[in-house]
Amino acid sequence: MAIIEYILGRILQMVPVLIGVSLVAFLSIHLVPGDPVQIMMHGRATEEVLATVRGELGLDRPLPIQYLRFVGGAMVGDLGKSIIQKAPVDEIIGERLGPSLFLLVYSAVLAVVIALPLAVVAALKAEGPIDHGIRIVGIIGFAMPPFWVGLLLMVLFGLVLRWFPISGYGRTFIEHLWHLFLPSLTIAAFLAPILVQSLRSAMLDVMTADYIEVARAKGLSRRRIVLKHVLRNAAIPVITVLAVNIGWLLGGAVVVEYVFAFPGLGSLLVRAVGHRDYPVIQGLSLVFAVIVMVINLLADLSYMAIDRRVLRR
Amino acid sequence: MTAIAIRDELARWPASLKIGATFFLLIVVTGLFAPWLTPYDPYTQDLAGFLQPPSWRHPFGTDHVGRDVLTRVLHGIRIDLQIGFITTYVPMTYGLLLGALSGYLGGWFDTLMMRLLDVAVAFPFLVLIIVIIAILGPGVHTIYIAVFLLAWTMYARLARAEMLVERGKDYVLAARTLGYPTSRVVFRHAMPNVINSSIVFSMADFVLNILLVSSLSFLGLGVPPPLPEWGAMVAEGRDFIFDAWWISTLPGLAIVVTGASLSLIGDGLAHRLGQRQRSFL
């Protein structure tokens, strides 16, 4: 019962944030200096066309009514119509949501695969030369701009060695894995250093805990202690770090998608900004915010799966 | 006396802080003297000598319109460091103030603050910046406005969390019992203990802001073209990367070296200021 209560409470907490988020997304179009419709049409439309577009967007109604229509529409998945592509925004976003989420999960998995062994080694040999070496590599990795890493990986592995395709998404799951390897690696290269440091310090904290002493006194092997006790307890701070940085991860993905001409939400955003396609921009900012919130919710729920004591707080 | 104090302080610096600070100082000095360090101008085109590979005359080669890449990278220090510095430390000042007040006062002010912070972190930072750019149009001024609107929230969150801890400590109670006004208790007594985590975070934030500005310029939404901004230079060299790798690669390397030196400073500061957390979260 406590579990259901916890989940419900957590979802209720999201409501005020959702209202704030929808207000920001809604108001963005009204903050455009001058007439947004005029700007969207690049100043080339007649007064009649402008009036029609204004009517289509509902911009001729009072603000509160517009907001309610916006929220009401968003709840049933109606985000209006793209000015440029003449298609419903939810369809345009829907097509690209899958690839973007795939990229996100793939990058996170790659980052964990890279970070986990490095963090374990760094924590076991803390303050030794290997630990310092790993930290220096991390500091360099953290400072590398994703667009630059993406470009270099694309040239090296895509154009020179021809191991991986330099753009596209592919059709089957295996093709996705192959097509998305370079963009995911680019994002993972930025995320992994953050993960290594947080996992390392979390492991160091756990390793001094009493129950690890007990496990050691029981004569458990070092390998078993690290795998069963230390990593499990160090997982919570790491999930927190992943969840807190999800905004940065998504932001980095925007740039990386653009570099690889990847058919995802990020490249759509860059293009929509170029075309001043405000309905698409509005819809995207809403969708991005919801992705962040859902991931944070999932993070909270996974704490519960790892450690039931969360419920008692 | 002061010489000894400085020597003692330097002796307490960890190696990472010394190395990072040395590198960073070198970069700043190079940026200051950029116009006198090479015989070229960052904007003058030389169509007879375009796409030349690195050589003694042009250590970083020339770009597609014959401009000396090294000269442009050195002038880029001024742009990227200046924007990075302003976008880090301006929001930090009022973020710290608002966060510390929020944590100390509690009540409706704190509730309002928390709701604002919740909404701000719900959006991916870069996405919100791009949305603001879509509203106001691209350019450096828009980047300043967008970052000033958003970036303070991270410092406010840190300062608030620290203040919640400090608020209950004896020295704060003592200051309150002595009847000091709230502003004095918050800013003179508690602030020095609240500020450390933000100072350490600011170094990582500085790196992230340089990445932000260069990313936006790379996308064509930040610093406009003829200016030698590093990200914009990477974008300019993109079409020639197969034949002329140096145009894109070397400005990117400048970002890495600058960012790494800042991260080293952050790492060292975390040690020196006794912060448990390392430089990046």
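As the structure is a computational prediction, the values presented were derived from the model and not from experiment. (Residues numbered from 1 in each chain as written. Chains lettered and ligands numbered in written order. Predicted model: local features only at pLDDT ≥ 70, side-chain atom pairs only at ≥ 80, totals over all residues. Heavy atoms only, no water.)

Focus on the overall build of chain B
So the rule is basically this: Strands are runs of DSSP state E lasting at least 2 residues, helices are runs of H or I lasting at least 4, and numbering of each runs from the N terminus. Only protein chains enter the accessibility calculation, which uses a 1.4 Å probe. A residue is then buried if its area is under 20% of the maximum for its type, exposed if over 50%, and partly exposed in between. Residue contacts are counted whenever heavy atoms from the two residues lie within 4.5 Å of one another. A 1.4 Å probe and the Shrake-Rupley method give the accessible areas. Residues count as covered only by the protein chains that appear here.
A tally of regular secondary structure across chain B gives 12 helices and 0 strands. Helices and strands in chain B line up, N terminus first, as α-α-α-α-α-α-α-α-α-α-α-α. With the principal axes as the frame, chain B shows a C-alpha extent of 75 × 55 × 25 Å. Taking all 281 residues of chain B together, 54% fall into the buried category. Nonlocal contacts in chain B, meaning residues at least 24 apart in sequence, comprise 72% of its contacts between residues at least 6 apart. When the accessible surface of chain B is totalled, it reaches about 12,400 Å², and 68% of it is carbon and sulfur.

Focus on the packing of helix H11 (residues 222-244) of chain A against helix H14 (residues 278-306) of chain A
Between two packed helices, what matters for the description is the angle formed by their axes and the separation of those axes. Residue and element names in this part refer to chain A. To keep things clear, this is the line we draw: Helix axes are fitted to C-alpha atoms over the stretch in contact, other axes to C-alpha atoms as well, and angles between N-to-C directions run from 0 to 180 degrees. Note on angle classes: values under 35 degrees are labelled roughly parallel, values over 145 roughly antiparallel, values of 65 to 115 roughly perpendicular, and the remainder oblique. Note that Gly is not counted as nonpolar here; it falls among the polar residues with everything else outside the nonpolar set of Ala, Val, Leu, Ile, Met, Phe, Trp, Tyr, Cys and Pro and the charged set of Asp, Glu, Lys and Arg.
Two elements in contact, H11 and H14, have axes separated by 9 Å at closest approach and are oriented at 175°. With respect to each other, H11 and H14 are oriented roughly antiparallel. Residues Arg232, Ala235, Ile236, Ile239, Thr240, Ala243 and Val244 of H11 pack against Asn296, Ala299, Ser302, Tyr303 and Ile306 of H14. In terms of residue class, the contact of H11 with H14 is built from 8 nonpolar, 3 polar and 1 charged.

What to know about the environment of arginine 200 of chain A
Examined against the element boundaries, arginine 200 of chain A turns out to sit in helix H9 (residues 181-207). As for arginine 200 of chain A and valine 238 of chain A, which are separated by 38 residues in sequence, their C-alpha atoms are 9.5 Å apart.

Side note on empty space enclosed by the protein
Filter applied, for reference: Cavity means a closed set of points on a 1 Å grid over the protein atoms alone, one where a 1.4 Å probe fits but cannot get out, pocket means an open set with protein on both sides within 12 Å along at least 5 of 7 lines, and lining means a residue has an atom within 4 Å of a point. Grid points are joined across faces, edges and corners, and a volume is the space filled by probe spheres set on the points.
Going through the model one piece at a time under the given rule, you end up with 3 cavities of 30 Å³ or more. If you add up the space inside the largest cavity, you get close to 130 Å³. Listed by contribution, the elements that provide at least two residues to the lining of the largest cavity are helix H12 (246-259) of chain A together with helix H10 (182-218) of chain B. Its volume calculated, the second largest cavity comes out at about 70 Å³. What lines the second largest cavity is Ser100, Leu101, Leu103, Leu104, Leu250, Ala253, Val254, Glu257, Leu265, Gly266, Phe288 and Ile291 of chain A. Those elements giving two or more residues to the lining of the second largest cavity turn out to be helix H5 (89-124), H12, helix H13 (265-275) and H14 of chain A. Tallied by class, the residues present in the lining of the second largest cavity amount to 9 nonpolar, 2 polar and 1 charged.

Looking at unusual backbone geometry
A negative phi holds for most residues other than glycine; trans holds for most peptide bonds. All names here are of chain A. If you check the backbone angles, alanine 261 has positive phi at about 45° while not being a glycine. Residue placement: alanine 261 occurs in the loop between H12 and H13. Even without a glycine there, the phi angle at arginine 276 is positive, about 55°.

Regarding helix H4 (residues 69-105) of chain B
All names here are of chain B. Keep this limit in mind: For a helix, the expected span equals 1.5 Å multiplied by the residue count minus one. To get the bend at any residue, fit one axis to the seven residues that end at it and another to the seven that begin at it, then take the angle between the two axes.
In a regular helix each residue adds 1.5 Å, so 37 residues correspond to 54 Å; H4 covers 53 Å between its end C-alpha atoms and thus fits that length. The axis of H4 is deflected most strongly, by about 30°, at glycine 76. A positive phi of about 65° marks glycine 106, the residue just after H4.

What to know about the environment of methionine 207 of chain A
Residue and element names in this part refer to chain A. For methionine 207, the position within the fold is in helix H9. Taking relative accessible area as the criterion, methionine 207 reaches 15% and is therefore assigned buried. The spacing of methionine 207 and valine 21 is 186 residues in sequence and 41 Å in space, taken between C-alpha atoms. Leaving out residues up to four positions away in the same chain, methionine 207 has contacts with Ala123, Leu124, Ile212, Arg216 and Val230.

Quick look at the side chain of threonine 258 of chain B
All names here are of chain B. Inspection of the secondary structure assignment puts threonine 258 in helix H12 (residues 246-272). Taking the relative accessible area as the measure of exposure, threonine 258 reaches 2% and is therefore buried. When residues no more than four places from it in sequence are discounted, the contact partners of threonine 258 are Ile27, Leu81, Ile210 and Trp230.

With respect to the pattern of salt bridges
Where charged atoms of side chains with opposite charge meet at close range, the side chains can pair. Selection criterion: Within this document, salt bridges are pairs made up of a side-chain nitrogen of Lys or Arg and a carboxyl oxygen of Asp or Glu, the two lying within 4 Å of each other.
Summed over the entire model, instances satisfying the criterion amount to 14 salt bridges over all chains. Across the pair arginine 72 of chain B and aspartate 63 of chain B runs a salt bridge whose closest N-O atoms are separated by 4.0 Å. Note on accessibility: arginine 72 of chain B and aspartate 63 of chain B belong to one class, buried. Ionic contacts of the salt-bridge type, sharing partners, join the residues Glu127, Asp131, Arg135 and Arg200 of chain A together with Asp267 of chain B into one network.

Structural notes on the nonpolar core
Rules: Residues grouped as a nonpolar core are buried Ala, Val, Leu, Ile, Met, Phe, Trp, Tyr and Cys residues, joined through side-chain atoms within 4.5 Å.
Counting 164 residues, the largest nonpolar core has Val21 and Met203 of chain A together with Ile129, Ile130 and Leu216 of chain B as its most contacted members. In terms of residue count, H5 of chain A provides more of this core than any other element does, 14 residues in total. Beyond its immediate stretch of four places on either side in the chain, valine 21 of chain A contacts Leu286, Ala289 and Met293 of chain A together with Val119, Ala122 and Phe123 of chain B.

Structural notes on a nonpolar patch on the surface
Residue and element names in this part refer to chain A. For clarity, the threshold we go by: Residues enter patches when their relative accessible area tops 30% and they take part in no salt bridge; the joining distance is 9 Å for like charges and 5 Å for the nonpolar side chains Val, Leu, Ile, Met, Phe, Trp and Tyr.
Where nonpolar side chains cluster on the molecular surface, the patch consists of Leu12, Val15, Ile19, Leu23, Leu27 and Leu31 and spans about 530 Å² of accessible area. For leucine 31, the location among the structural elements is in the loop between helix H1 (2-28) and helix H2 (36-40). Relative accessible area serves as the criterion here: at 56%, leucine 31 is assigned to the exposed category.

Describing a positive patch on the surface
Residues and elements named next belong to chain A. Rule in force here: In this tally Asp and Glu are treated as negative and Lys and Arg as positive; neither His nor the chain ends contributes. Working definition for charges: the position is that of NZ of Lys, CZ of Arg, CG of Asp or CD of Glu.
A grouping of Lys218, Arg224, Lys228 and Arg232 is seen on the molecular surface, where their side chains present a positively charged patch. By the secondary structure assignment, lysine 228 is in helix H11. Judged by relative accessible area, which is 49%, lysine 228 ranks as partly exposed.

Some points on the interface of chain A and chain B
The test is simple: A quick way to say it: buried area is the sum, across both parts, of accessible area lost when two parts are put together, with a 1.4 Å probe. N or O atoms closer than or at 3.5 Å make up a polar contact, with two conditions inside protein: a donor-capable atom paired with an acceptor-capable one, and, for residues adjacent in sequence, both atoms drawn from side chains.
The interface is formed by 51 residues belonging to chain A together with 47 residues belonging to chain B. Taking both sides of the interface into account, the surface hidden between chain A and chain B amounts to around 4,500 Å²; carbon and sulfur atoms contribute 81%. On the chain A side of the interface with chain B, the three residues burying the most area are Phe142, Phe147 and Trp248 of chain A, jointly 16% of the side's total. Counting the contacts that link chain A with chain B gives 1 salt bridge. For aspartate 267 of chain B, the salt bridge is made with arginine 135 of chain A, and the minimal N-O distance between the two is 3.9 Å. One can count 5 residue pairs in polar contact (both at pLDDT 80 or more) joining chain A with chain B. If you list the elements that add at least two residues to the side of chain A that touches chain B, you get H1, helix H6 (129-143), helix H7 (146-160), H9, H12, H13 and H14 of chain A. For the side of chain A that touches chain B, the leading source of residues is H12 of chain A, giving 8 residues.

Quick look at the packing of aromatic side chains
Describing an aromatic ring pair means giving the distance of the ring centres and the angle of the ring planes. Going by this rule: Working definition: rings of Phe, Tyr and Trp (its six-membered ring) pair if their centres are within 6.5 Å, and the pair is stacked with planes under 30 degrees apart, edge-to-face with planes over 60 apart, and tilted otherwise. Definition used: whenever NZ (Lys) or CZ (Arg) falls within 6 Å of the ring centre and also within 35 degrees of the ring normal, the charge is taken to sit over that ring.
This model, assessed by the stated rule, comprises 16 aromatic pairs over all chains. A ring pair is formed by tyrosine 258 of chain A and phenylalanine 218 of chain B, whose centres lie 6.0 Å apart and whose planes are at 90°; its orientation type is edge-to-face. In this pair, tyrosine 258 of chain A sits in helix H12 while phenylalanine 218 of chain B sits in helix H10, so the two residues belong to two different chains. Note on phenylalanine 218 of chain B: relative accessible area 3%, which makes it buried. Aromatic pair tryptophan 108 of chain B and phenylalanine 109 of chain B: ring centres 6.0 Å apart, planes at 90°, arrangement edge-to-face. Taken together, the ring pairs in this structure connect Phe24, Phe85, Tyr89 and Phe206 of chain B into an aromatic cluster. Here arginine 184 of chain B stacks its cationic end above the ring of tyrosine 180 of chain B, 4.3 Å away from the centre of that ring.

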